[in-house]
Structure formats: structure tokens, C-alpha cells
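# An overview of the molecular structure
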Amino acid sequence: MALQARDAQERKRHGRHYTPPELARFLARRALRYAPRAGVLRVLDPACGDGELLLAVHREIATCAPDVAVRLTGYDLDRQAVAETEGRAGELGVEIDCRAVDFLAASAELADGSFDVIISNPPYVRTQQLGGATAQLLSKQFGLRGRIDLTHPFVAIAPRLLADDGVLGLLCANRFLTTRAGANLRRILTGELTPVELYDLGDTKLFAAAVLPAITVATRTVRRADCRYVAAYEELGAEPDCATDLFDALAGDHACMVSDGRRVFAVEVGVLSTGPAALGQEPPRTSPVKPIVGNPSVGASRAVATHTERHGDSAWRMSRPAVDHWLGRIADRTWRTFGETARIRVGIKTTADRVFISDRWDQMDPSPEPELLRELITHHDLQPWRVAMARGTRVLYPYDVRQPRRTPIELDEFPCAAAYLRSHEQALSGRRYVLDGGRKWFEIWVPQRPHLWGAPKLVFPDISERPRFALDRSGAVVNGDCYWISLTDLGDSATDLAYLLMGVANSALGLRFYDAVCGNRLYSGRRRWITQYVARLPVPDPSCPAAGEIVRRVRALVEDGVPVADSGIDEVVAAAFGVSADADHR
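A quick note: this is a predicted structure, and the numbers were derived from the prediction, not measured. (Residues numbered from 1 in each chain as written. Predicted model: local features only at pLDDT ≥ 70, side-chain atom pairs only at ≥ 80, totals over all residues. Heavy atoms only, no water.)

### Some thoughts on the sheet that holds strand β20 (residues 477-478)
Within a beta sheet, neighbouring strands are joined by backbone hydrogen bonds and run either parallel or antiparallel to one another. Spatially, the four strands line up as an open sheet ordered β14-β16-β15-β20, and their pairing is mixed. For this open sheet the edge positions go to β14 (357-358) and β20, each flanked by a neighbour on one side alone. Bridging between strand β15 (residues 373-377) and strand β16 (residues 394-396) involves three bridges; their strand directions are antiparallel. For Arg374, the partnering residue across the bridge sits in β16 and is Val395. (Pairing = 2+ DSSP bridges. Helix = DSSP H or I, 4+ residues; strand = E, 2+ residues; numbered from the N terminus.)

Structure representation (C-alpha cells):
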């Protein structure tokens, strides 16, 4: 058991999540639908692991096209994995040319168009684990931009190695669909290949590890006008409406509810939307735009959002006529997005929470000076509209909050805090990235702007089933499991604009918009409310009467205690965007 645990940890460290047999079979079946049938079918898995994908291809060919000859080639850096692949293939009488080498290095020796099918579940290793020098080298070698992970170069090499009528069957994390970090993959899959089928397998838990997978089938030639897009996510409290197997449902043409015996999944079917849109894409990465004073027209204010789109810059989403019509109507009434209205910041990240965060400071000896212990808002403290800090959690915040920039305290001025911190100096000094960043050993990694903590702010948790945007006036610090918007960014009438943002975000429309445009959920209906997603939420023109009504009702809810059920927020938000409040959430 200890050896198995070590093997599992080693696989995770190197980004190896071996493909389950049923998922490998589905990917092989979908990719082979577009594979050429003439001559010998040349198949490559550049990170073959235990060989499951290559063996799945062989089984599908043997079952569905036994007259087709196939040549299987696998690469993997892990010699043990290669030996496992060779052993499994030998037991089945299958011939695989399996090579224990670094595929990215060896690929330079492969001729263009060497393969008819590339089927891959490439390793996922983040930039931090790759190291900056390696990441930069790979970016330059494979023409990548921005922050990359190890999946990117594996996909980048595919177009060159595929024959003119070849097909790529890719299994990777679904985050590439909507995040900024996924732009490289989206750019390759739309600029150098043609995606024909896409499956967002969300929280299906097909992997033993915490992996949220997606399957993309893309060809070197255009096979159809639209890319089929299917998504499967758990639907809490729902009943299945068919007895179909999950994979059969994914291959079907109709939306349905299907059960795996334990959970119920909503399977939705549409087509892929990859191009730029007037609404729902991440705003340009520039300084926040201050609200226009006075009575701005919608047309004039939308002009600030125009920017040039490149392949891959747009997030991918499922396109369906009813949803597209709904989004179009919202776009017509949108003044700005959240990201164009204010800067969205993540909370502090100490990278040593056991040292800096506690709800038992009074029991410690030595205990830091009270003026350095600041109330801390975490995701536990947030409900829609309100903050309720009942846990008494406080953070040792070693900065001068009077200064607009990060200014660490002088330890000599705080002897108790100095004694406490020095009792943990060995652990804190071991954070090399803090020291290499020019910080003092007792600093936290992400302190944000200390002088802004005293100002009112909107706060919301990173992970939550539903939006939980709340207004905080306590001056508390926000933890790294939350995000926040300082009202100092909102200019004149900041409180009214904050109430408007909060009303939209916490509404049924805000949740439905998130699912239609971002759509990246975690397990059991939990959603990520990160900057890239929240930045896309729409804001109606603050000068219009409908927006004023939203503000009035949110104020009554927050300041006068009007019950949420009686507030009518959902109805007035929908009215502000010219849509019905009764629209089906899905």
C-alpha cells in the first residue's frame, strides 16, 4: 500500500493521470469516425502511459473495421510505463512500437505528416513545476504565448505530425475551454486544425484523481460546418429521464438526464461557439475603466470595450439558439462588464497559513500586538448580500496599512510580533520564492493594497454553488479563498454602483449567464468565481430607471432588512436587461 501511495504521488507530480478504459474506448471511437480508411492507419500516442488509449484504438479497429491495418506507436518518458504498455500489448498479441524517450525532444526527428491519428492524454504539469526557464524554452520552441503547462507543447506539435486527412483525439483538463491560460490550445485547435466534436465531461468523476476532463476531436481538413458540443454535469436533486448509459447519451443528439447509478447528469447538446462576441468574453487586460460621470449612453460606454480578438482569445462556449438569443438581448442592454467597471482582486495569500492565520491568538505565548491582528473574511463568512464573521478568525498582517504600497512593519517596533515570528523563522525563511522576490522573511506572499482594507468592498468566495456577493464595511482583510472589489475603484456614487453589481451577480440571471458563458463547474454543482469569469458578467446602464430600481431594492435588502424572498431582485434584474425572469436556467 505504501508503494502504491508513492506511485500515485509520483504520477501526480509528473501530471500523469492514466485514462480509464471506458473513457479511452469512447475517445478512440469518436476519433476513428474521422480517420482515413485507405492503406495502413498510423496511430501515435505521444504520452502513452499504460497504453490504454492505443489498446482502445486497436480494439475498435478489430471490432468495427477488421480489414484496416493499423500501426501503433507510443512514447513515454517513464520507462516503467513503457514496460507496462509492452507487457499488456504482449499478453493481447498486439504490436506496439513503444519508446521510452522524451517525445518533445524526439519529435524533431519525425517527418511531417507521419501519422493519421494522434490520440493523447498528455501530462499536465503547471508552469511552476516546469520551472520558468523550461517553460520559456518550450514556449519559444513551439510558438506558444503566455503562461503554459506541459499539455500545450504536446498539442502544438500535433498539426505538423498529422497527415492532411489526419485526426487528433485529445483528452485534457476542461479548463482550457474558458480560461486565459487555455488560449494556446484554443488557438491551435481553431487556427491549425478544425474541431469537429467537443465533450465537456465536467464533474463526471471518470478519473480516480480530481480531474475535470474534456475531449476534443479535431481534423486537418474541414469535415463539417459546426463542431458538435456536448456537456455533462451533475444535476442535484434531479431524476433521470432515460436509462441510457452515460457514454451512449454523450453520443446521442438530444439533451437528457442520465444516471450512473449514484448521480444524475444533465447531458446538454449544442454546437461550439469560438468567435468573438459582443458580450461574454474577457475584457482587455488594461487598467480598470472609471464609470462615466453623468448620464452615459449605452452606445458610448460600450465603445471602451472594443479590442482586437485573435484566435484563441475568445472563451469557448456551447451555442444553442435560445441561449444565443437570450445572450444577444442582454448584450443590447449591457453598459459594461464587471471587469470594465472595476478591478477584481484575489484576497491575501500567506503561503504559511498556520503561522499567520488563527482564531486562537489569545491562547498563544507570545501573542502578537493586537493592532497587527486584523479580522479576516474567508469563504465561511460569506452569504449572498451579507458578511457574518462568527468564527473570530484573524490574520497577522505585517504591513503598515496607512501606506498605499506594500510596506512591511519594522519588527523592532513590535517586540511581541517579532518574538512570535522568530519562533517560526526557519519555516518562513524556507519560502525561497518570497525571498527571491525581494521580500523580507516574515512577509506574506500576496498582501494586496494594504491601505484599501479600510474602505468598503464587495467580497465573494472563489468556490460556491451559487453567487455569494456581499458588501463589507468592517475594514477586514480578505483571505485568498475569496475575491474582492474595492468601492474606491467605482468613482462617484460608488455605493449605488456596488449595489448594482451585487444585484446582478446574486440574481438568477447572473447565475444563468455564468453557466452559459463560463460554464466551468467543479464537483456537485460548485462553480469557480475567479476574476476571469466574474469579469464577464454584464452591468446595465446605471442611469436607466431599471438599474435604479435594482439599486433601490438591494439597498432595502441590505440596509433595511427586507427578506430576500420579498425583494424581487430576480425580476428587476431581468427587466433591466430586457429578458424574462422565468427563463429556464439551463
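### Some details on the packing of aromatic side chains
Summed over all chains, the structure comprises 15 aromatic pairs. Within the aromatic cluster, the residues linked to one another by ring pairs are Phe460, Phe469, Tyr483, Tyr514, Trp529 and Tyr533. Its end group placed over the ring of Trp484, Arg345 keeps NZ or CZ at 5.4 Å from the ring centre. The ring of Trp326 has Arg512 lying over it, and the distance from NZ or CZ to the ring centre is 4.0 Å. (Phe/Tyr/Trp six-rings, centres within 6.5 Å; stacked < 30°, edge-to-face > 60°. Lys NZ or Arg CZ within 6 Å of the ring centre and 35° of its normal.)

### Section: the environment of Glu371
Residue position: Glu371 is located in the loop between β14 and β15. On the basis of relative accessible area, Glu371 is assigned to the exposed category, the value being 52%. Residues Glu371 and Pro398 lie 27 residues apart in sequence; the distance between their C-alpha atoms is 9.9 Å. (Buried < 20%, exposed > 50% of the residue type's maximum accessible area, 1.4 Å probe, protein only.)

### Some points on the confidence of the model for the protein chain
Scored by pLDDT, the protein chain has a mean of 87; 88% of the residues are at 70 or more. In the model, residues 1-15 has pLDDT below 50 throughout and makes 12 contacts with residues more than four positions away in sequence or in other chains. Taken as a whole, residues 282-311 scores under 50 in pLDDT and shows 54 contacts with residues more than four places along the chain or in a different chain. (pLDDT = per-residue confidence, 0-100. Contact = heavy atoms within 4.5 Å.)

### Some remarks on helix α19 (residues 494-506)
The terminal C-alpha atoms of α19, which comprises 13 residues, lie 18 Å apart, in line with the 18 Å expected from a rise of 1.5 Å per residue. Along α19, 11 of the 13 residues are buried, which leaves the element largely enclosed by surrounding structure. Buried within α19 we find Ala494, Leu497, Ala498, Tyr499, Leu500, Leu501, Met502, Gly503, Val504, Ala505 and Asn506. (Expected span 1.5 Å × (residues − 1).)

### Points about the nonpolar core
As a rule of thumb, nonpolar side chains are buried together in soluble globular proteins. Among the nonpolar cores identified, the biggest contains 53 residues, and Phe338, Ile344, Phe469, Leu490, Met502 and Val534 are the most heavily contacted of them. Looking at this core, the element that brings in the most residues is α19, giving nine residues. Look past the residues within four positions of Val534 in its chain and what remains in contact with it is Phe338, Ile344, Phe460, Phe469 and Trp529. If you look at the next biggest cluster of nonpolar residues, it comprises 47 residues, including Ala56, Ile119, Leu201 and Leu206. (Core = buried A, V, L, I, M, F, W, Y, C linked by side-chain atoms within 4.5 Å.)

### Regarding the environment of Ser139
Tracing the sequence through the fold places Ser139 in helix α7 (residues 132-142). On the accessibility criterion, Ser139 (13% relative accessible area) is buried. Sequence separation between Ser139 and His152 is 13 residues; the distance between their C-alpha atoms is 8.8 Å. Apart from the residues within four sequence positions on either side, Ser139 is in contact with Leu144, Gly146 and Ile148.

### A look at the side chain of Thr179
Mapped onto the fold, Thr179 is located in the loop between β5 (162-173) and α10 (183-191). Separated by 2.9 Å, the side chain of Thr179 and the backbone oxygen of Arg175 make a polar contact. (Polar contact = N/O pair within 3.5 Å; in protein donor to acceptor, adjacent residues only side chain to side chain.)

### Details of unusual backbone geometry
Residue Pro366 follows Asp365 across a cis peptide bond; omega there is 5°. In this fold, Pro366 is placed in the loop between β14 and β15. In this structure, Thr351 takes a positive phi of about 60° despite not being glycine. Along the polypeptide, Thr351 turns up in the loop between β13 (345-346) and α15 (353-356).

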